[in-house]
Amino acid sequence: MKRVMIIGGSGSGKSTLAKRLGEKTGLPVIHLDRFFWKPYWELRPKAELNALVSDAISKDKWIIDGNNSDSFSARIKHADTLIFLDMPRWLRVFRIIKRMILGYGKSRSDMQENCPERLDWEFIRFVKFVYDYDDNGKKRALDLVHNVPDYVCVFHLRSRLEVKEFLVELNKVSAQA
């Protein structure tokens, strides 16, 4: 496990898992949201975003968390591990609302600076986007999961318990190495 791609709907725990894996493996963690957004919630131009992703995946070792399905094919060509966090809709919606409340007015560590959590119409639209993921984005993620190159190890985790068990197994493997 040297190049890990973590995908899943917003609120599925991608960034949290990436941080934990980074701590356990020593691999550098790259959060795609830091590439996707510029300060003050300004979207980064597509060409600039693609250049940042290309540079990141050209490195020898990494953990990249984020959906950005436009870069799925480029990232999976360089990955050796794919983790799909397929969490229930209710959990993802709950987590993003909780994240907004607890972090209101502050920027998360996995997010671009000066992109504070906020409660506005954009957030309401984001909640709808998260809710609709099962009808839209999940299909693209499942297509990727079912069509990975043979050299990519896939973990399709569907619950908090499965994520916990995955981390326990990773500890066992690390201890034996």
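Refer to the preceding data block for the structure.
Reference entry: report on the structure contained in this document. Small disclaimer: the values here were computed from a predicted structure and weren't measured.

Rules and cut-offs
Residues numbered from 1 in each chain as written. Predicted model: local features only at pLDDT ≥ 70, side-chain atom pairs only at ≥ 80, totals over all residues. Heavy atoms only, no water. Helix = DSSP H or I, 4+ residues; strand = E, 2+ residues; numbered from the N terminus. Buried < 20%, exposed > 50% of the residue type's maximum accessible area, 1.4 Å probe, protein only. Contact = heavy atoms within 4.5 Å. Phe/Tyr/Trp six-rings, centres within 6.5 Å; stacked < 30°, edge-to-face > 60°. Pairing = 2+ DSSP bridges. Polar contact = N/O pair within 3.5 Å; in protein donor to acceptor, adjacent residues only side chain to side chain. Axes fitted to C-alpha atoms, helices over the stretch in contact; angles between N-to-C directions. Parallel < 35°, antiparallel > 145°, perpendicular 65-115°, else oblique. Left-handed = near helix turned anticlockwise from the far one by under 90°. Nonpolar A, V, L, I, M, F, W, Y, C, P; charged D, E, K, R; others polar.

Remarks on the environment of Tyr131
At step 1: Tracing the sequence through the fold places Tyr131 in helix H6 (residues 121-132).
At step 2: Taking relative accessible area as the criterion, Tyr131 reaches 43% and is therefore assigned partly exposed.
At step 3: Sequence-wise, Tyr131 and Leu170 are 39 residues apart; in three dimensions their C-alpha atoms are separated by 31 Å.
At step 4: Excluding residues within four positions of it along the chain, Tyr131 makes contact with Arg89 and Val93.

Section: the packing of aromatic side chains
At step 1: Applying the stated criterion to the full structure yields 4 aromatic pairs.
At step 2: Seen in terms of ring centroids, Phe36 and Trp37 are 5.5 Å apart; in terms of plane orientation they differ by 80°. Their pairing is edge-to-face.
At step 3: Since its relative accessible area comes to 30%, Phe36 is described here as partly exposed.
At step 4: Among the residues examined, Trp37 registers a relative accessible area of 18% and is labelled buried.
At step 5: With a centroid separation of 6.2 Å and 20° between ring planes, the pair formed by Phe126 and Phe129 is classed as stacked. Here the residue Phe126 and the residue Phe129 both occupy positions in helix H6, the gap between them amounting to 3 residues, near one helical turn.

Structural notes on the pairing of strand E6 (residues 81-85)
At step 1: Of all 5 residues in E6, 5 are buried, a share of seventy percent or more.
At step 2: Burial of E6 is two-sided: the residues Thr81, Ile83 and Leu85 facing one way and the residues Leu82 and Phe84 facing the other way are all buried.
At step 3: Sheet analysis places E6 next to strand E7 (residues 153-157), joined by 5 bridges and oriented parallel. Looking at the pairing, Leu85 lines up with Leu157 of E7.

Description of the environment of Ser107
At step 1: You can see Ser107 is positioned in the loop between helix H5 (89-102) and H6.
At step 2: By relative accessible area, which is 34% here, Ser107 ends up partly exposed.
At step 3: Sequence separation of Ser107 and Trp41 is 66 residues, and the distance between their C-alpha atoms is 11 Å.
At step 4: Non-local contacts of Ser107, meaning those with residues more than four positions away in its chain, are made with Gln112, Glu113, Asn114, Cys115 and Pro116.
At step 5: A polar contact of 3.3 Å, which involves the side chain of Ser107, links it to the backbone nitrogen of Asn114.
At step 6: Polar side-chain contacts of Ser107 include one of 2.8 Å to the backbone nitrogen of Cys115.

Here we look at the side chain of Arg92
At step 1: Relative to the elements of secondary structure, Arg92 occurs in helix H5.
At step 2: Given the relative accessible area of 1%, Arg92 is considered buried.
At step 3: Discounting chain neighbours no more than four positions away, the residues touching Arg92 are Gly9, Ser10, Gly11, Ser12, Met87, Val130, Tyr133 and Asp134.

Describing the packing of H5 against H6
At step 1: With their axes 9 Å apart at the nearest point, H5 and H6 run at an angle of 160° to one another. Considering the angle they form, H5 stands roughly antiparallel to H6. Of the two elements, H5 crosses H6, and the hand of that crossing is right-handed. Between H5 and H6, the contacting residues are Arg89, Arg92, Val93, Ile96, Ile97, Arg99 and Met100 on the first element and Phe123, Phe126, Val127, Val130 and Tyr131 on the second.
At step 2: For the contact of H5 with H6, a count of residues per class yields 9 nonpolar, no polar and 3 charged.

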